[in-house]
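Here is how the chains run, residue by residue.
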Amino acid sequence: MPTTLQDPATKPAAPADLEIKDAQLIFNHVWKQLEAEYGREKLRFPKELILLGGAPGAGKGTNTDFIRSVRGITAKPIVVSALLDSPEAQKLKAQGGMVGDREVVGILIRKLLEPEQQNGAILDGFPRTKVQVECLKMLFDEMIRLRRDFSETPDAAHFKQPIFHIMVLFVDEAESIARQLKRGTEVLAHNEEVRRSGLGELWEERATDFDAALARNRYKVFKEKTYDALVSLKEIFHYHFINAQAPLAQVQDNIIRELEYQSSLELDPRTFDQLRDLPLASEIVRHARQDLVRRLDSYKVEKPELMQAVVTFIEEKMMPIIVRHAISGRADINTEDKLFHDPEALAMLIDIFSERGYHATADLHRIEIPERFDLQTGQISCRKKKVFRFRIIFKGSEIRRGQFLP
């Protein structure tokens, strides 16, 4: 049964309980189709979803690639409006309206199952209605259920604990309208040059970018529908409100702080030419965070006893020493424990410390200890001893001698 497309700004608001029932019908229908089409064991979603919403002109397009870089997400953003390009949808979007919830939910969930989305996904323009909000909650619940159902199976590592971020880029009505109309002017100038020169590609000409009334209506739809829908998720998922009226550099600084990201070293542009043949740190560590989580989950599933032994060693033998070095933020620990004769135990230890915010390194020293001396031949027989030397580095206490607590 086809879904009717209707502008939410003119559609009477449905009672909350009716919207929940509509969402249940839509989601259950889509989910049953997915289970029949893929099989339940193949419903593998990205661990991290960043749902990026914003007022028209707030800079979602400008900041999406920046957010991808910050989080190490390689997949292109999923722009919901681009997924729905039927003639009816195009006409409705030109008037500042939105598309039916059934189409949005069905297409979107299938998109999230694509392999390239598994390291994380950014959704641009979802959710936009209260029905979509309820469907999002149900998707989260199903992801939790999948993780629980497969937790004791070989596929457990594929069903991750979901993390949803809601990020709202906000500008007021006057700024939104001004930015929309400014874009319209830039689009016309660009397209005129493309047509004149025959070089480049034409940009989309949206009706809302040339008419102040349509631009205002588009903002009204966002404020009355989308914004309320996003705010309703504030108590459920990680919620980030970004003032997008600030200069771009400040907006992006706020995004970094909101996502609690520790940036890696940046190359100075003045030395770029000299160092350009060396790989960027970002290229090396692009998937480091996702790979670390994947490895730890795999240890737990594939070698739980060895992982427990490593965790016990850290708790009982290492943490008491590390705690005593809390001021300096550096602890050197030696051990001859045979646990680490297994190279995978060493890898686990380093990964566990990394996940907890420490920087851990390990060196193996082989020491020959004389055991027997042959008086006739002068030959010395030695026993070889393996000593594992761990160095644990972390941010030490800021309290120094000569300083006093208030």
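In what follows, the accompanying structure is described. (Residues numbered from 1 in each chain as written. Predicted model: local features only at pLDDT ≥ 70, side-chain atom pairs only at ≥ 80, totals over all residues. Heavy atoms only, no water.)

### Regarding the pattern of salt bridges
Inspection of the entire model under this criterion finds 24 salt bridges. A salt bridge links Arg71 to Glu48, with the shortest nitrogen-to-oxygen separation between them at 2.8 Å. One end of the pair, Arg71, is in helix α2 (residues 60-71); the other, Glu48, is in strand β1 (residues 48-54), and 23 residues separate them in sequence. Using a relative accessible area of 11% as the deciding quantity, one classes Arg71 as buried. Arg145 serves as the salt-bridge partner of Glu142, at 2.9 Å between the closest nitrogen and oxygen. Of this pair, Glu142 and Arg145 both sit in helix α6 (residues 130-149), 3 residues apart, roughly one helical turn. The exposure class of Glu142 is buried, given its relative accessible area of 15%. Given the relative accessible area of 32%, Arg145 is considered partly exposed. Several salt bridges share partner residues, and in doing so they unite Glu35, Arg40 and Asp149 into one network. (Salt bridge = Lys/Arg side-chain N within 4 Å of Asp/Glu carboxyl O. Helix = DSSP H or I, 4+ residues; strand = E, 2+ residues; numbered from the N terminus. Buried < 20%, exposed > 50% of the residue type's maximum accessible area, 1.4 Å probe, protein only.)

### Structural notes on the sheet that holds strand β7 (residues 359-373)
The antiparallel open sheet is built from 3 strands, whose spatial order is β6-β8-β7. At either margin of the open sheet sits one strand with a lone partner, and together these are β6 (330-335) and β7. Across this sheet, the average inter-strand angle for adjacent strands is 20 degrees, counted without regard to direction. In this sheet, strand β8 (residues 380-393) lies alongside β7 in antiparallel orientation, the contact comprising 14 bridges. Opposite Asp363, over in β8, you have Arg389 as the bridge partner. Sitting on the sheet, helix α13 (residues 304-324) touches β6 and β8, and the angle it makes with β6 is about 135 degrees. (Pairing = 2+ DSSP bridges. Axes fitted to C-alpha atoms, helices over the stretch in contact; angles between N-to-C directions. Contact = heavy atoms within 4.5 Å.)

### Quick notes on the packing of helix α5 (residues 101-112) against α6
Here α5 crosses α6 at 30 degrees, and the two axes come no closer than 10 Å. Judged by the angle between their axes, α5 and α6 are roughly parallel. Where α5 crosses over α6, the handedness of that crossing is right-handed. On α6, the residues that touch Asp101, Val104, Val105 and Leu112 of α5 are Val131, Gln132, Cys135 and Leu139. Across the contact of α5 with α6, the residue classes tally to 6 nonpolar, 1 polar and 1 charged. (Parallel < 35°, antiparallel > 145°, perpendicular 65-115°, else oblique. Left-handed = near helix turned anticlockwise from the far one by under 90°. Nonpolar A, V, L, I, M, F, W, Y, C, P; charged D, E, K, R; others polar.)

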